[in-house]
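Spelled out from the first residue to the last, the chains are:
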Amino acid sequence: MTLEALLKHPALWKGRQQHDGKDTLATGYDALDAALPSQGWPVGALTEIMTTDAGIGELSLLLPALGALTSNQQWIALVAPPYVPYAPALANAGIALEYTLVIDSQSEHKNDFWAAEQILRSGVFSAVILWSSTNGDERQQRRLQLAAEQGKSWAVCYRPSRTAQTSSPAGLRMVLRHADTQSGTRQGQTRHPQGDLQTHDLQPSDLQSGDLKAHGLQTHGLQIDIIKNRGGRLKCLNLGDACHRKTDNLIALNQRMCRVDKPAHPP
Amino acid sequence: MRKLIHPTATALKKKSPKTDNDSNNRDKCHSASHKKRSETRQQIWASLYLPDLLLDNMHGTSAEPENSTEPNSSPEPDNNNNNNNNNNNANTNNKITADAIAIVERVSNRQQIRSCNATAQAAGIFTGMALNSAYAILPSLTAVEYDADREALLLQQAGEWAMQFSSIVCPHGSNHILIEIGGSKRLFDSYECLLATIETELKKLGYTGLMGIAPTPLAANLLARANIRRGILNTKRLATIIRPLSISYLELAPDILEGLSRSGIRSIGQLLEISPASLTRRFGPACCNYLDRLMGRHPDPRTPLRLSDTFSRSTTLPIEVHDTNALQFATQRMINELAAFLIACDRGVNHFTFELVHERHENTRLELRFLQATSQTKHLHRVLSERLSQTQLPAPISALHLSASAFCEIERDASDFFLKSRSQQNSLGEVIDKLTSRLGDDAIYTLAVVDEHRPEKAWKKSFPEIREAPVGNWPQRPLWLLETPKPANKALQLLGDAERIETGWWDSNDVRRDYFVAKDRHGTRYWVFRDRGKPDSLFIHGIFA
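Residues numbered from 1 in each chain as written. Chains lettered and ligands numbered in written order. Predicted model: local features only at pLDDT ≥ 70, side-chain atom pairs only at ≥ 80, totals over all residues. Heavy atoms only, no water.

Caption draft 1: Structural detail: helix H11 (residues 254-262) of chain B. Residues and elements named next belong to chain B. Of all the residues in H11, the buried ones are Ile256, Leu257, Gly259 and Leu260. In an axial view of H11, the angular spread of the buried residues amounts to 160 degrees, which keeps them on one side of the axis. Within H11, the exposed residues directed more than 90 degrees away from the buried face are Pro254, Asp255 and Arg262. Backbone geometry just after H11 places Gly264 at a positive phi near 90 degrees. (Buried < 20%, exposed > 50% of the residue type's maximum accessible area, 1.4 Å probe, protein only. Helix = DSSP H or I, 4+ residues; strand = E, 2+ residues; numbered from the N terminus. Arc of directions from axis to C-beta.)

Set out below in structure tokens:
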């Protein structure tokens, strides 16, 4: 048996396996794509996004991928959003609203998880985004992860940032914060028992802020700490002392708010 | 026209038909016109004999969990009982605790048992027993007055149910349903498969019945009553099979039967040997006429049942039910009948009404909606039971009523099997129905934009499957909108210029606001406005998430 044939064997797991790109979704941000093992959002897995404050661009981060899905006539679901998902803003971001289902039970939290799980399992929806107001235990997260695997869809769960210290079966976990916030004070949160940390020092967007102004775009600093990255490459080692510099385990991403600023609405 | 959507039918259909007599219809395959074929082939009748229709209809619906008299009983025993309920059509042993029910009729001023269920029989009650004696044996016996009209209605409904197997179905007498199965043979691959399907489906309804197959309707009835399961396909063999049978199976007037037996005629064979002339002289023309039709010597035309335009079923529960879990069996039967009706008329339903009738309270009415028209038993039942489990009962239930009046074509995807979007569409409906049945109609929606300057009116909830026209490009807008703006009570730094929105004077929701993007010290960006009437106060209306 040649090495090539052996490598194609399905039972063989390659440690530095590159995803073949089929089950990933481009994030729309080159820097983030490069940092993720699958070159994009992992499909068939749970992505956990932990934030301290709302309003730092945590939803905008997903919009390019969601826009690409819906314009491809794939369904997405927003489960238990904390506020009204504002249709004009979503439309501006290129999301086809007719493929966006909102599930807002306004009742027990239990139903939100149930709904998210059902939707994921059905395999009809390409992306399911759940806002979890409670901590949510590991068992629930595991169910979501399994449902995402079964339905081969991209599951995203927003959780409070205090849950970053607990363990989770999610395939990808990240903590978001505004770039202005001091990272040193939060060092403890980025440390994860599995130590599977990305240390990518990414360049800000290649668009200069002057250009952005000219295009009517705005920049908005968002800092992403990837605290778990299953199947991720361990390329970070080429930074040498990365393992000792926990404070550097950050991805600073100059995130673009891709909103076209049209002339003010006529009165 | 025979119907193709029956699950078993499609399974059987996959085996290719071995013979293809009718090359004209080969292209149309199974949907070949029934009329065309019936000219060339012999009719084969299956008779379904349902002797205990009234009793069977009540049976199972009384399978209330023992502990349901306490409304706050723990859920686990309920579930156990549920499982029993699901199985009890196959295994009556589970229903030993069920109530004894008897149908009572008045025969010459004396109330006597017409039929009774297994529990009552086990207690020693038999047909013909006086009601008083029965009460003496079993004081807890539930006696129900025989209702011929109701029996006829049930027979008619069972006939509608049977129309999923054939387009020619005729109720006969008070207990028979005649199904012309000669035209359905190819669809169901063979008579054996068809009979097995009919029997399983009948079991699902909870009815007990006997079946006979013969070339003439009356002979089929005879075989069913005599419980001869072997199908007879030609009239020559019919004579040899029925000769030894007792004349009591014949559908002749009681006085004729009595006269015959007094003359020493016990078996059908003996009767057939008597010359028609002498029979007519003694018993009138009816007897000979009957025998001619029985043996296929005279034609026996039948008027097929026609499906009504609306579907409606009622089930009266013999005992008041306090717990929706106990309704499993009754609802399953009603849904099965609905699905059979839909298959028979080749339609789907996307809305039906289920009513829980309470004795001392206004009825609970459940409106069930489906995103896409469906005729699938499983899906219909899942949505109904999910909704029932969410329903709070204001009072015990005494009866159930299901009605559906609007039917529509089911979208079928025979041609574009490989197109993913279509198969997605189908299950999308199922997922959304499932969610709706638990979370309510309001909880699930898609979004749409409205061409309107006031931010709070620039969006609306829409329904899946409704395509709204997209409305232009918008100025910068936040992803989250607060339903009611709240006063900003923290230090905010205003960024950029104001966007003035001043509109809405015509519907007394006048808005005169200056909108800004603002940032707090954590970096959160808000969409705030200053009311032009009150320039001091700042309100947060959205969050740039």
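Caption draft 2: Structural detail: the sheet that holds strand E2 (residues 101-107) of chain B. Residues and elements named next belong to chain B. One open sheet accounts for three strands, arranged E3-E2-E4; its pairing is mixed. Two strands in the sheet have a free side with no partner beyond their single neighbour: strand E3 (110-116) and strand E4 (142-145). Here the average twist between neighbouring strands, direction ignored, is 40 degrees. Inspection of the sheet shows E2 paired to E3 by six bridges, in the antiparallel sense. Each bridged residue has a counterpart across the sheet, and for Arg106 the counterpart in E3 is Gln111. (Pairing = 2+ DSSP bridges. Axes fitted to C-alpha atoms, helices over the stretch in contact; angles between N-to-C directions.)

Caption draft 3: View of the interface of chain A and chain B. On the chain B side, the residues contacting the 55 residues of chain A number 45 residues. Between chain A and chain B we count zero salt bridges in total. Applying the counting rule to chain A against chain B returns 11 residue pairs in polar contact (both at pLDDT 80 or more). Where the side of chain A that touches chain B is concerned, the elements lending two or more residues are strand E5 (84-85), helix H4 (87-92), strand E6 (100-103), helix H5 (109-122), strand E7 (125-131) and strand E10 (218-229) of chain A. No other element matches H5 of chain A, which puts seven residues into the side of chain A that touches chain B. Within the side of chain A that touches chain B, the residues separate by chemical class into 31 nonpolar, 15 polar and nine charged. Bridge count between E6 of chain A and strand E13 (residues 444-449) of chain B: three bridges; the pairing is antiparallel. From the neighbouring strand, Val102 of chain A faces E13 of chain B, where its bridge partner is Tyr445 of chain B. (Contact = heavy atoms within 4.5 Å. Salt bridge = Lys/Arg side-chain N within 4 Å of Asp/Glu carboxyl O. Polar contact = N/O pair within 3.5 Å; in protein donor to acceptor, adjacent residues only side chain to side chain. Nonpolar A, V, L, I, M, F, W, Y, C, P; charged D, E, K, R; others polar.)

Caption draft 4: Molecular detail of the pairing of strand E4 (residues 75-79) of chain A. Residue and element names in this part refer to chain A. Most of E4 is tucked away, with five of its five residues classed as buried. Side chains of E4 alternate between two faces, with Trp75, Ala77 and Val79 and Ile76 and Leu78 buried alike. Across five bridges, the pairing between E4 and E7 is parallel. If you follow Ile76 over to E7, its bridge partner there is Ala127. Where E4 and E6 come together, four bridges link them in parallel fashion. Across the sheet, Ile76 pairs through a bridge with Thr100, a residue of E6.

Caption draft 5: Seen up close, the packing of helix H9 (residues 217-225) of chain B against helix H14 (residues 285-295) of chain B. All names here are of chain B. At a minimum axis separation of 6 Å, H9 and H14 run at an interaxial angle of 90 degrees. With respect to each other, H9 and H14 are oriented roughly perpendicular. Of the residues in H14, those touching H9 at Leu218, Ala219 and Leu222 are Tyr290, Arg293 and Leu294. The residue inventory of the contact of H9 with H14, partitioned by class, reads five nonpolar, no polar and one charged. (Parallel < 35°, antiparallel > 145°, perpendicular 65-115°, else oblique.)

Caption draft 6: Just the pattern of salt bridges, in detail. Counting across every chain of the model gives 27 salt bridges over all chains. Where Arg513 of chain B meets Glu456 of chain B, a salt bridge forms, and the shortest distance between an N and an O atom there is 3.3 Å. Taken as a pair, Arg513 of chain B in strand E17 (residues 511-519) and Glu456 of chain B in the loop between E13 and strand E14 (459-462) lie far apart in primary sequence, 57 residues in all. A residue is classified by how much of its surface remains accessible, and Glu456 of chain B, at 28% relative accessible area, is partly exposed. Taken together, the shared-partner salt bridges in this structure form one network comprising Glu48, Arg159 and Arg173 of chain A.

Caption draft 7: Representation of the packing of aromatic side chains in the model. Evaluated as defined, the whole model comprises 14 aromatic pairs over all chains. For the ring pair Trp131 of chain A and Trp480 of chain B, a centre distance of 5.2 Å and an interplane angle of 70 degrees mean the geometry is edge-to-face. Of this pair, Trp131 of chain A sits in strand E7 while Trp480 of chain B sits in strand E15 (residues 480-487), which puts the two residues in different chains. Residue class for Trp131 of chain A comes out buried when judged on its relative accessible area of 10%. With relative accessibility at 1%, the residue Trp480 of chain B sits in the buried group. One residue, Arg114 of chain B, lies across the ring of Tyr146 of chain B, its end atom 3.8 Å from the ring centre. Between the NZ or CZ atom of Arg513 of chain B and the centre of the ring of Phe529 of chain B, over which it lies, the distance is 4.2 Å. (Phe/Tyr/Trp six-rings, centres within 6.5 Å; stacked < 30°, edge-to-face > 60°. Lys NZ or Arg CZ within 6 Å of the ring centre and 35° of its normal.)

Caption draft 8: Here's a closer look at H14 of chain B. Residue and element names in this part refer to chain B. For H14, the full list of buried residues reads Cys287, Cys288, Tyr290, Leu291, Asp292, Leu294 and Met295. For H14, the secondary structure elements touched by its buried residues are H9, helix H10 (235-242), H11, helix H12 (268-273) and helix H13 (276-283). Looking at the residues trailing H14, positive phi occurs at Gly296, about 80 degrees.

Caption draft 9: Expanded view of the nonpolar core. Counting 64 residues, the largest nonpolar core has Trp41, Leu61, Leu62, Leu66, Trp154 and Met174 of chain A as the members making the most contacts within it. Per element, the largest residue contribution to this core is five residues, and it comes from E17 of chain B. Residues Ile241, Ile247, Ile265 and Phe283 of chain B belong to the second largest nonpolar core, which totals 36 residues. (Core = buried A, V, L, I, M, F, W, Y, C linked by side-chain atoms within 4.5 Å.)

Caption draft 10: How the structure looks around the sheet that holds strand E5 (residues 169-172) of chain B. Residue and element names in this part refer to chain B. Spatial strand order, E5-E6-E1-E7: four strands in an open sheet with antiparallel pairing. Each having just a single partner strand, E5 and strand E7 (210-214) make up the two edges of the open sheet. The mean inter-strand angle of the sheet, taken between neighbouring strand axes irrespective of direction, is 20 degrees. Bridge analysis of E5 against strand E6 (residues 176-180) gives four bridges, and the strand direction is antiparallel. Residue pairing for E6: His172 is matched across the bridge by His176.

Caption draft 11: Focus on the environment of Arg237 of chain B. Residue and element names in this part refer to chain B. Mapping Arg237 onto the fold places it in helix H10. The exposure class assigned to Arg237 is partly exposed, which follows from its relative accessible area of 35%. Sequence-distant contacts of Arg237, defined by excluding residues within four places in its chain, comprise Arg230, Gly231 and Ile232.

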